[in-house]
Amino acid sequence: MPGSNSWLSLLWTLVCVAGIVALAYWATRVIAVRGGAGFFPSAQGGQGLKVLSRLALGRDQQLLLVQAGERYFLLGVTASAVSNLAEFTPEQAQAWPEQNKPAPPSFRQALGEALRQKRRK
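Here's what I pulled together on the structure shown here. All residue numbers refer to positions counted from 1 along the written sequence of the respective chain. Reporting of local features is limited, given that this is a predicted model, to residues whose pLDDT is at least 70; pairs of side-chain atoms are given and counted only at 80 or more, and all residues count toward the totals for whole chains, interfaces and linings. Side-chain measures were taken over the full set of non-hydrogen atoms in the model, leaving aside hydrogen atoms and water.

### Section: the pairing of strand S2 (residues 61-68)
Here strand S1 (residues 49-58) pairs with S2 via 8 bridges, running antiparallel. Among the inter-strand pairings, Lys50 is bridged to a residue of S2, identified as Gln67. The rule for pairing is simple: two strands pair if DSSP sees at least two bridges between them. Helix and strand labels come from DSSP, where a helix needs a run of H or I of at least four residues and a strand needs a run of E of at least two; each type is numbered from the N terminus. What sits between the antiparallel neighbours S1 and S2 is a turn of 2 residues. Bridge count between S2 and strand S3 (residues 71-77): 7 bridges; the pairing is antiparallel. Residue pairing in the sheet places Ala68 in a bridge with Arg71 of S3.

### Thoughts on the side chain of Gln67
Structurally, Gln67 can be placed in strand S2. Within the local environment of Gln67, its side chain forms a polar contact with the side chain of Tyr72, the two groups lying 3.4 Å apart. Once residues within four sequence positions are removed from consideration, Gln67 is found in contact with Gly48, Leu49, Lys50, Leu52 and Tyr72. Any N or O atom pair separated by 3.5 Å or less is treated as a polar contact, with the protein-specific requirement of one donor-capable and one acceptor-capable atom, and with residues adjacent in sequence counted only for side-chain atom pairs. Throughout, a residue-residue contact means that at least one pair of heavy atoms, one from each residue, lies within 4.5 Å.

Below, the structure is given as structure tokens:
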């Protein structure tokens, strides 16, 4: 039967596609659980280097509080440059994220801002 051969070919193609999707799903789950460690070592930073706090200022602009060994730095990061803005003592660095956390907006403020942004588009 010539028709059954094409059905087997179609079935085999569907099985292969399903297998590829399942493997891709499994791989992303493994990477997410491990945080990329082992797969993407540069994403974890160097040994002894930690980002303690991150504040987005714009699309490609942010402030980072970084611990490098026993030293703490406030870095300004843009798409084209990284600038050291300040160096903190350990006590100042640990107090900094709590002091500079903005209060979350009320529901009314958040809704108003979302509606304003939607009107602009």
